[in-house]
Amino acid sequence: MTGWKWQRGRTLTYLTIPGWSKLGVMAAFAVRTGGASENPYSSLNLALHVGDDPEAVLHNRALFLGELGYESKDCVAAEQVHGTRVLWVTAKDRGRGMQSLEDALPKCDGMVTGEKVGLLCFYADCVPIYFFEPRTGLIGLAHAGWLGTAHKIAQEMLTIIKSAGGRPENCLAAIGPCIGPCCYEVGENVLNAFSENFHNLAMFSSKGEGKYYLDLVKANQMLLLAEGLWPENISIAGLCTACQPENFFSYRRDGVTGRMAAFIGKSLRG
Ligand SMILES: [Zn+2]
């Protein structure tokens, strides 16, 4: 849990990065408890696209964002498609994707902004990657499953951050809870996709008979280091979503289920 801490809020418990809060950026990851959704989404499901009652989701979003000092109207959510498209977000986008899926940022798995907009992505095993460049004040959030990781969405995020004047050597990154190699068995097809894009396949360990355990955290950490981030600037939660049914939804473990949210936003005060 380097850099991460459990935070007990007014009604919810969640994970935060205190070192970033001190610099004026709230980064958080929700757990699955304390919300209004019913099975199989019980109870703090924060995503509209999984078949849950939208009213319960909007209630849950208000609850979670309230803990962080934000409201839905100040945040943006995207239509996540396991791609590598990263969009630049501005204050004009505030509210998009927050009340309905229709106006979510289309086909987008990464967002970067320099403004006071809360960025929200949804997860049940995929990797939440947070970015904060303190010198320029840029923040970003990515959703990286195995496809997004294999196609290097982390690199794509840094391309946008660099194009806006940010520097990888100044950049802080954090990786939230996601499925760990303990629970993430994959086949040859996944190994092959990575071998097209990575020289080093250290993120795989063989189980035999064409099966492998995939470490998505290690793969994304390798990408961040290759981009020039300092190892000590990468905070890793190190929590497996599939191992902790009491805290986290897991698609691999449960199939139809809810989604946790990752959030990043600059403090609205000051
Ligand atoms: Zn596990």
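Provided above is the structure to which this section pertains.
For clarity, every value in this text was computed on a predicted model and none was experimentally measured. (Residues numbered from 1 in each chain as written. Predicted model: local features only at pLDDT ≥ 70, side-chain atom pairs only at ≥ 80, totals over all residues. Heavy atoms only, no water.)

### Description of the overall build of the chain
Phase 1: Assigned secondary structure in the chain consists of 7 helices and 15 strands.
Phase 2: Here the C-alpha radius of gyration of the chain, 17 Å, is about what a compact globule of 270 residues would show, namely 18 Å.
Phase 3: Principal-axis analysis of the C-alpha atoms places the extent of the chain at approximately 50 × 45 × 35 Å.
Phase 4: When burial is assessed residue by residue, the chain has 55% of its 270 residues classed as buried.
Phase 5: Nonlocal contacts in the chain, meaning residues at least 24 apart in sequence, comprise 66% of its contacts between residues at least 6 apart. (Helix = DSSP H or I, 4+ residues; strand = E, 2+ residues; numbered from the N terminus. Rg over C-alpha atoms; globule rule 2.2 N^0.38 Å. Buried < 20%, exposed > 50% of the residue type's maximum accessible area, 1.4 Å probe, protein only. Contact = heavy atoms within 4.5 Å.)

### Regarding the pattern of salt bridges
Phase 1: Scanning the entire structure with this criterion turns up 7 salt bridges.
Phase 2: Across the salt bridge formed by K73 and D74, the nearest N and O atoms sit 3.5 Å from each other.
Phase 3: For D74, a relative accessible area of 12% gives the class buried.
Phase 4: Here E169 and R167 are joined by a salt bridge, their closest N and O atoms 3.0 Å apart. (Salt bridge = Lys/Arg side-chain N within 4 Å of Asp/Glu carboxyl O.)

### Concerning unusual backbone geometry
Phase 1: Cis peptide bonds are those with omega within 30 degrees of zero, and the linkage from N39 to P40 qualifies with 0°.
Phase 2: Counting through the fold element by element, P40 comes out in the loop between strand 3 (25-30) and helix 2 (54-67).
Phase 3: Cis geometry is found at the peptide bond from S42 to S43, where omega equals -5°.
Phase 4: Of note, E209 is a non-glycine position whose phi angle comes to about 55°, a positive value.

### A short note on the packing of aromatic side chains
Phase 1: Evaluation of the coordinates by the stated rule reveals 9 aromatic pairs.
Phase 2: An angle of 65° between the planes, with centres 4.9 Å apart, marks the rings of Y70 and F263 as edge-to-face. Remark: F263 occurs in strand 15 (residues 260-266) and Y70 occurs in the loop between helix 2 and strand 4 (75-77); sequence separation between them is 193 residues. Here Y70 matches F263 in class, with each residue buried. (Phe/Tyr/Trp six-rings, centres within 6.5 Å; stacked < 30°, edge-to-face > 60°.)

### Details of the side chain of T16
Phase 1: Tracing the backbone through its elements, the reader meets T16 in strand 2 (residues 13-16).
Phase 2: For T16, a relative accessible area of 4% corresponds to the buried category.
Phase 3: Apart from residues no more than four positions distant in its own chain, T16 is found in contact with G3, W4, K5, Q7, M26, A27 and A28.

### Remarks on helix 6 (residues 216-226)
Phase 1: Taken together, the buried positions of helix 6 are occupied by L216, V217, A219, N220, L223 and L224. Viewed along the axis of helix 6, the buried residues span an arc of 165°, placing them on a single side of the element.
Phase 2: Sitting at the amino-terminal end of helix 6 is D215, which places a side-chain oxygen 3.2 Å from the backbone nitrogen of V217.
Phase 3: Once helix 6 finishes, G228 follows within two positions and takes phi at roughly 110°, a positive value. (Arc of directions from axis to C-beta. Polar contact = N/O pair within 3.5 Å; in protein donor to acceptor, adjacent residues only side chain to side chain.)

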